[in-house]
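Residue strings, one per chain:
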Amino acid sequence: MSSFTPLRWGIIGCGSIANRLGNDVVRLEDHQLQAIASRDASKAEAYAEKFGVLTQHTGPDAYTNVVNDPDVDIIYIATPHNFHKEQALMAIAAGKPVLCEKPFTVNTAEAEVVIAAAREKGTFLMEGVWSRCFPVWRKVMELIGAGEIGHARMLYSDFGYRAGNLGDDH
């Protein structure tokens, strides 16, 4: 049996995208939904009950409190995109790695500010583009970099899958 400390997630926002993350994280033995932050206490309570989240941060200081929670290792931002810059900067300032749902920010200028802050702090920052993590993507980039498939001028791709019955979880 291996000994490890789970990666403890702090979630900002309780909407459908946060629920999708919750459905996935609860299946991982080396990750834990540590804290949920919402200005709406009833939404935080429902999310915490559904996923077994240990801490609820609610009210007007909910987001500040979750990024400063010493029991949270990483922040997932799942709020409307017009709040992403502010919340990412808050988490970065607290020294927390950030996974931010897409779109990352509302424009390039905001993205540049957030990226600069993460670089200055030396903090991990990623937009939630999960297809970028597919092994096939890494292999394609490797082949392009090695010149094995010629000079790349354009890339067009399409992705789809048969999801089956998604039910209430998706």
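For the structure itself, consult the block above.
Residues numbered from 1 in each chain as written. Predicted model: local features only at pLDDT ≥ 70, side-chain atom pairs only at ≥ 80, totals over all residues. Heavy atoms only, no water.

**Description of the overall build of the protein chain**
The test is simple: The numbering of helices and of strands both runs from the N terminus, where a helix is a DSSP run of H or I of at least 4 residues and a strand a run of E of at least 2. Any residue under 20% of the maximum accessible area for its type is buried, any over 50% is exposed, and the rest in between are partly exposed; the area is computed with a 1.4 Å probe on protein chains only. Computed with the Shrake-Rupley method and a 1.4 Å probe, the accessible areas treat only the protein chains shown as cover for residues.
Per the secondary structure count, the protein chain includes six helices and six strands. Taken along its principal axes, the extent of the C-alpha atoms in the protein chain is 55 × 40 × 35 Å. Within the protein chain, buried positions represent 33% of all 170 residues. Element-wise, carbon and sulfur atoms account for 52% of the exposed surface of the protein chain, whose accessible area totals about 10800 Å².

**Things to note about the pairing of strand 4 (residues 74-77)**
Rule in force here: When DSSP locates at least two bridges between a pair of strands, those strands are taken to pair. Orient the strands so they point away from the viewer; a crossover is then right-handed if the path from the first strand over the helix to the second runs clockwise.
Where burial is concerned, the two faces of strand 4 agree: the one with Ile74 and Tyr76 and the one with Ile75 and Ile77 are both buried. The pairing of strand 1 (residues 7-12) with strand 4 spans four bridges and is parallel. In the sheet register, Ile12 faces strand 4, and the bridge partner there is Ile77. Looking at chain direction, strand 4 and strand 5 (residues 98-100) are connected through three bridges and run parallel. In the strand pairing of strand 5, Ile77 is matched with Cys100. Crossover connection from strand 4 via helix 4 (residues 84-93) to parallel strand 5: handedness right-handed.

**With respect to the nonpolar core**
Counted only if it meets this: In plain words, nonpolar cores are sets of buried Ala, Val, Leu, Ile, Met, Phe, Trp, Tyr and Cys residues tied together by side-chain atoms within 4.5 Å. The contact criterion used throughout is that any non-hydrogen atoms of two residues lie within 4.5 Å.
Counting residues in each nonpolar core, the largest one holds 20 residues, and the members touching the most others are Ile12, Tyr63, Val66, Val67, Ile75, Ile77 and Val98. Setting aside chain neighbours within four positions, we find Val98 in contact with Ile74, Ile75, Ile77, Ala88, Ala91, Ile92, Phe124, Leu125 and Met126. Ile36, Ala48, Phe51 and Ala78 belong to the second-largest nonpolar core, a separate cluster that totals 17 residues.

**With respect to helix 1 (residues 16-25)**
Looking at helix 1, one finds that the buried residues are Ala18, Asn19, Leu21, Gly22, Asn23 and Val25. Those residues of helix 1 that are buried lie in contact with strand 1, strand 2 (31-38), helix 2 (41-51) and strand 4.

**Considering the pattern of salt bridges**
Formally: What makes a salt bridge here is a side-chain nitrogen of Lys or Arg within 4 Å of a carboxyl oxygen of Asp or Glu, nothing more.
A full pass over the atoms with the stated rule returns five salt bridges. Close ionic contact of Asp73 with Arg8 constitutes a salt bridge, the shortest N to O distance being 2.9 Å. With a gap of 65 residues between them, Asp73 in the loop between helix 3 (62-67) and strand 4 and Arg8 in strand 1 connect regions that are remote in the sequence. Ionic pairing is found between Lys139 and Glu142, a salt bridge with its closest N-O pair at 3.1 Å. Highlighted residues: Lys139 and Glu142, both in helix 6 (residues 135-145), separated by three residues, approximately one helical turn.

**What about the packing of helix 4 against helix 5 (residues 108-121)?**
Our working definition: For helices, the fitted axis covers only the stretch in contact; all axes are lines through C-alpha atoms, and the angles between them, taken along N-to-C directions, range from 0 to 180 degrees. Should an angle fall under 35 degrees it is called roughly parallel, over 145 degrees roughly antiparallel, and 65 to 115 degrees roughly perpendicular, with every other angle called oblique.
Where helix 4 contacts helix 5, the axes come no closer than 10 Å and their chain directions differ by 5°. Between helix 4 and helix 5, the angle falls in the class roughly parallel. Residue-level contacts link Lys85, Ala88, Leu89, Ile92 and Ala93 of helix 4 to Glu110, Val113, Val114, Ala117, Ala118 and Lys121 of helix 5.

**Regarding the packing of aromatic side chains**
Keep this limit in mind: Stacked, edge-to-face and tilted are the three classes for Phe, Tyr and Trp ring pairs, Trp counted by its six-membered ring, which pair at centre distances within 6.5 Å; planes under 30 degrees apart are stacked, over 60 edge-to-face, the rest tilted.
Inspection of the entire model under this criterion finds one aromatic pair. Aromatic side chains Tyr47 and Phe51 sit 4.7 Å apart centroid to centroid with 50° between the ring planes, which places their arrangement in the tilted category. Taken as a pair, Tyr47 and Phe51 lie in helix 2 at a separation of four residues, close to a single helical turn. As far as burial versus exposure is concerned, Tyr47 and Phe51 are alike and both buried.

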